[in-house]
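# Topology and contacts: notes
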Amino acid sequence: MERTPLLSMHNITKTFPGVLANDDVSFDVHSGEVHTLLGENGAGKSTLMKILFGLYQPDSGEIRLRGEIAAIDSPTSAIEHRVGMVHQHFMLVPTLTVAENVALGLPSARGFRTDLDAVSERILEISNQYGLAVDPGIEIWKLSVGERQRVEIIKALYRDAELLVLDEPTAVLTPQEVDDLFVILRQMTNDGTGIIFISHKLHEVLELSDRITVLRNGAVTGSTTPAESDRQQLAEMMVGREVKLAPDKPAVDRGPARLQLRNVSVKGDRGTVAVDDVSLDVHAGEIVGIAGVSGNGQRELAETIAGLRNAQGGSVRIDSTDLTNASPAEVRAAGFAYVPEERMKDGAVGEFEVSENLLLINHGDPQFRKGPLFDFAKIRAHSQRLVDQFSVKTPTLDTPTSTLSGGNIQKLIMARELDSSPTVILAAQPTRGVDIGAAEYIHSQLVQQRSDGVAILMVSEDLDEILGLADRIAVMFDGKIVTVIERESATREALGLAMAGG
Amino acid sequence: MKRLAGGVVPLGAAFLAFLLGALMIIALGASPADGLAAMFDGAFGTTDRIAATAVRATPLLLVGAGITIAFRASVINIGGEGQIIAGALLSTSVALAIPDTPRIALIPIVVLAGLIGGGIWGAIPGVLKAYASVNEILSTVMLNIVAIQLMNFLLRGPLIDPIEVGTSRIPQTQRLTDNAALPTLVEGSRLHLGVPIAIVAAIIVYLILFRTPFGFRLRAVGHNPDAARAAGISVEKNIVSALSLSGALSGLAGVILVFGSESLRLVTDGGSAGFTGSAGFNGIVTALFGGLHPLWTIPSSFLFGSLLTGATELQRELQIPNALAIALNGLIVLFVVSSDRVRGWLDTRLDRSMKARVEE
């Protein structure tokens, strides 16, 4: 393999005030291969890609494309060097058509007027070549997430990209859409395109990659291939220590049904039926996982249980208390704890200090008062205990919560919720966007609660998380629970199929 | 670090406003140094003047303290004028109904009446916002006009001084009995009980906001209603509470404007400014200048109070129209409000550098 790499980045170093984002990173991609960049949040993947795309300038190091030094100082010059990027958050104008979006920002042969017919023709050519199947004349807002992503890929290919960067492309896709995407990417590499794949979903990385480079704290910690490694090893390279991907679950006897949902129907924000006749029991000492692609009613169901949304039909009970359309305070009084999906929107007050967020649900407890006023000594002691017990990393107890990392905010929310000694816990996407270490910890805490006889309902899009934690798995599709499977008889394939409505 | 940015910005705004004020004095053909000296002399030159400044500051402080409650709960209360009038009307009516009550009982009663009057006037937009999603900026402003017309109606009809009925029909109430007057603190000066009442009120507001579960809920709702709701805090109830309490403090300002005045009666000139001196609006400025902190609102109100008393002296000594004070007031508003953007920018910068340090 003495051929010149398509891209080689040599000894890239980039510092931000107080942070070494890239530390002497070298990385290359050959034509026709998928090279994965793996690392936790803040490991330096995005910085490296932003340097490649001309959004940042490195402090030192050089970028070579096809063997020649390339000075990339803007996205425009990156595109001129035939580098394309598919961002995690799509850069599309929803009200414009596919062709108009693709043509956006490109010079037209007709001067001021865009030659959309020519653009459409070329789009069809590209879609046929790679099986992208996109109608150039359709408006973006009518497309599914997977289709929008294909438009982004077409945009890059239209600009003759030879090197394509995909930033967490599978985060928003169903398992079936992921398979389709991988087929497309394989076709592109067969045609000689080089692909940089950024992900933290280990099984996908192992499935798609030719080579894998792992970053940690801004530096390369290793390079490997799928043949030479496994999930466990990759995770440990990312974290830098031994990790448990799936927590040990002791055998626990399933107790009585604590949370009981009967024929629950809920309308979504747009007035359409979001949750359709859902019935489900969660027993003491078990974790029930709700699997499903987001947007299939999980959020509405969770909000209904938490008292944040009214059900149009059916009933919600905890033990013997009817909590149908009860207020959040009433639901909590019945022994309910809630770890919401969007932690900065529903879980914590960003401007509040760490200790204030730890007090959010029990600020009225008389033990924290002296007369009518707060007893700050007691509150500090309480916060310090929770911070220590749940190893929330924070400079001080009065640090504004929004400055903490996602994983630490999640641990803070977990600390607060679990400290209320609940009988039922609803945890929605408990480890989304959280680093492996924090996720490991959060999982172990949920398993501990299960051992203590708490009934846990966990909503997650992450099949690894569902398979690793749940005792029973309910798959949600189009507002309905399409199947409930015992963990022992569940396979990734069967779940994936059910999640796609099959 | 953050506290520093919070203090530097309003002081910078005041400095810029005074700089422009100096230019205006030059444009009017006087020396800015003389002008500043005259204003300072007018505000603090004698014990009497200091007392007058404190008295002018009182309604600003009360309205401002109320505004901090509302704004901390993310409710914009522009209804200070109406709430002052509502408090004044209710307390004056009560005082007129029980004229012979001894002072020791009458004063607490009228204070309570003022709190209730202003509180109701604040609760109305609160209920409308919480349960019918009516924008509180619009409803509070409109209720100002309703309050003014209510005052005009009452003072021209049911509450008019009987002496005026057959004569000039000046729309004013009867003069209240002397036991209704707020006792003066220093013999011979205008410094009355209203001043310490306002300061104590600001301190109580501070304690409520930052040291009680009730204030905790208000602030949680103000910062993030979604998280507050999910935690079991009622957003609706707290919106109503914030506006009611905010209105109650303005209502108390109305009490002090009537019962601390030398005429001891409520008079209307058809609008609100004649009675309130626009304290309902200037109180907002006072609160913003105080960084929406009830304790900082105390010095802030004295600054604006001194501006008002100082302007009188400026007019007398240099023949500069006291509209300059209004202009200065306006300039400070302009700079403080636009500096909110500066402050926001500073805050995000500081947050970011803090975040970088944490991630390190």
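What you are looking at is a predicted structure, and each value in this text was computed from that prediction instead of being measured. (Residues numbered from 1 in each chain as written. Chains lettered and ligands numbered in written order. Predicted model: local features only at pLDDT ≥ 70, side-chain atom pairs only at ≥ 80, totals over all residues.)

Let us look at helix H8 (residues 194–211) of chain B. Side chains three or four residues apart in an α-helix point the same way, a direct result of the helix having 3.6 residues per turn. Residues and elements named next belong to chain B. For H8, with 18 residues, the first-to-last C-alpha span of 25 Å sits near the 26 Å given by 1.5 Å per residue. By the burial criterion, the buried members of H8 are Gly-194, Val-195, Ile-197, Ala-198, Ala-201, Ala-202, Val-205 and Leu-209. Around the axis of H8, the buried residues are gathered within 160° of arc, so they sit on the same side. Tucked into the core, H8 has its buried residues touching helix H3 (47–72), helix H9 (213–223), helix H11 (235–259) and helix H14 (294–318). (Helix = DSSP H or I, 4+ residues; strand = E, 2+ residues; numbered from the N terminus. Expected span 1.5 Å × (residues − 1). Buried ≥ 20, exposed ≤ 12 C-beta atoms within 10 Å, placed from the backbone. Arc of directions from axis to C-beta. Contact = placed C-beta atoms within 7 Å.)

The next thing to look at is the nonpolar core. In this structure, Leu-52, Leu-426 and Ile-456 of chain A together with Val-110 and Leu-252 of chain B are the most contacted members of the largest nonpolar core, which totals 247 residues. Looking at which element gives the most residues to this core, the answer is H11 of chain B, with 14 residues. (Core = buried A, V, L, I, M, F, W, Y, C linked by C-beta atoms within 7 Å.)

A separate point is helix H13 (residues 279–289) of chain B. Residue and element names in this part refer to chain B. Across the 11 residues of H13, 10 count as buried, placing the element largely inside the fold. Those residues of H13 that fall on the buried side of the exposure criterion are Ala-279, Gly-280, Asn-282, Gly-283, Ile-284, Val-285, Thr-286, Ala-287, Leu-288 and Phe-289. Gly-291 sits one or two residues past H13 and shows a positive phi near 65°.

Before going further, it helps to spend a moment on unusual backbone geometry. All names here are of chain A. Although it is not a glycine, Glu-168 adopts a positive phi angle of roughly 45°. With respect to the helices, strands and loops of the structure, Glu-168 is situated in the loop between strand S7 (163–167) and helix H6 (175–190). Given 17 C-beta atoms within 10 Å, Glu-168 falls into the partly exposed group. For Asn-217, which is not glycine, the phi dihedral falls at a positive 50°. According to the C-beta neighbour criterion, Asn-217 is partly exposed, with 16 such atoms within 10 Å.

This part is about the interface of chain A and chain B. Contacts between chain A and chain B engage 31 residues on the former and 23 residues on the latter. Sorting the residues of the side of chain A that touches chain B by element identifies helix H10 (328–333), helix H11 (343–347) and strand S18 (373–374) of chain A as the ones contributing at least two each. Of the residues in the side of chain A that touches chain B, the class split is 19 nonpolar, eight polar and four charged. (Nonpolar A, V, L, I, M, F, W, Y, C, P; charged D, E, K, R; others polar.)

In this section: the packing of H8 of chain B against H9 of chain B. Residue and element names in this part refer to chain B. Contact geometry of H8 with H9 gives a least axis separation of 5 Å together with a crossing angle of 70°. In terms of axis orientation, H8 runs roughly perpendicular to H9. Counted together, Ile-208, Leu-209, Phe-210 and Arg-211 of H8 and Phe-214, Gly-215, Leu-218 and Arg-219 of H9 form the full contact between these two elements. When grouped by side-chain class, the residues that make up the contact of H8 with H9 number five nonpolar, one polar and two charged. (Axes fitted to C-alpha atoms, helices over the stretch in contact; angles between N-to-C directions. Parallel < 35°, antiparallel > 145°, perpendicular 65-115°, else oblique.)

On to the domain arrangement of chain A, then. Residue and element names in this part refer to chain A. Considered domain by domain, chain A is made up of domain 1 (7–239), domain 2 (244–334 + 455–502) and domain 3 (336–421). Distance between the C-alpha centres of domain 2 and domain 3: 26 Å. The interface of domain 2 with domain 3 comprises seven residues on the first partner and four residues on the second. Considering only residue class, the side of domain 2 that touches domain 3 consists of five nonpolar, no polar and two charged. (Domains from an automatic or database assignment.)

Before going further, it helps to spend a moment on the packing of helix H4 (residues 80–97) of chain B against H11 of chain B. All names here are of chain B. As a packed pair, H4 and H11 sit with axes 7 Å apart at the nearest point and diverge in direction by 55°. One element, H4, and the other, H11, form an angle in the oblique class. Judged by the sense of rotation from one axis to the other, the crossing of H4 with H11 is right-handed. When H4 is examined against H11, the residues Gly-80, Gln-83, Ile-84, Ile-85, Ala-86, Gly-87, Ala-88, Ser-91 and Thr-92 are found in contact with a partner set consisting of Gly-247, Ser-250, Gly-251, Leu-252, Ala-253, Gly-254, Val-255, Leu-257 and Val-258. Of the residues assigned to the contact of H4 with H11, the class counts are nine nonpolar, nine polar and no charged. (Left-handed = near helix turned anticlockwise from the far one by under 90°.)

Our focus in this paragraph is the pairing of strand S6 (residues 83–86) of chain A. Residue and element names in this part refer to chain A. Along S6, one buried face is formed by Val-83 and Met-85 and the opposite face, lined by Gly-84 and Val-86, is buried too. The pairing of S6 with S7 spans four bridges and is classified as parallel. Pairing of Val-86 across the sheet is with Leu-166, part of S7. (Pairing = 2+ DSSP bridges.)

Turning our eyes to something else, we now look at the environment of Ile-137 of chain B. All names here are of chain B. For Ile-137, the location among the structural elements is in helix H6 (residues 136–156). The exposure class assigned to Ile-137 is partly exposed, which follows from the 15 C-beta atoms found within 10 Å. Linking Ile-137 and Ile-76, residues 61 residues apart in sequence, is a C-alpha distance of 5.9 Å. Residue contacts for Ile-137: discarding those within four places in its chain leaves Ile-76 and Ile-78.

A few words now on the environment of Gln-384 of chain A. Residue and element names in this part refer to chain A. Tracing the backbone through its elements, the reader meets Gln-384 in helix H13 (residues 376–389). You can call Gln-384 partly exposed: it has 13 C-beta atoms within 10 Å. When the C-alpha positions of Gln-384 and Ala-227 are compared, they lie 46 Å apart, and in sequence the two are 157 residues distant.

The next thing to look at is the sheet that holds strand S10 (residues 219–224) of chain A. Residue and element names in this part refer to chain A. Taken together, six strands build an open sheet; the order of strands is S6-S7-S8-S3-S9-S10 and the sheet is mixed. In this open sheet, the two strands that pair with only one neighbour each are S6 and S10. The sheet shows a mean angle of 20° between the axes of neighbouring strands, taken without regard to direction. Of the strands in this sheet, strand S3 (34–38), strand S9 (211–216) and S10 touch helix H8 (residues 231–239), which is tilted by about 35° from S9.

A word on the confidence of the model for chain B. All names here are of chain B. Looking at chain B as a whole, its pLDDT mean stands at 87, while 91% of the residues score no less than 70. Per-residue pLDDT stays below 50 along residues 1–5; that stretch engages in seven contacts with residues further than four places along the chain or on separate chains. Here residues 355–360 scores under 50 on pLDDT; set against residues more than four positions off or in separate chains, the count is 14 contacts. ipTM for the predicted complex: 0.84, alongside a pTM of 0.81. (pLDDT = per-residue confidence, 0-100.)

The next thing to look at is the sheet that holds strand S2 (residues 19–29) of chain A. Residue and element names in this part refer to chain A. Ordered by their spatial adjacency, four strands build an open sheet running S2-S1-S4-S5, and the pairing between neighbours is antiparallel. The open sheet has two free edges, formed respectively by S2 and strand S5 (68–69), since each of these has just one partner strand. Looking at chain direction, strand S1 (residues 7–16) and S2 are connected through seven bridges and run antiparallel. By the bridge assignment for S2, Phe-16 is matched with Val-19.

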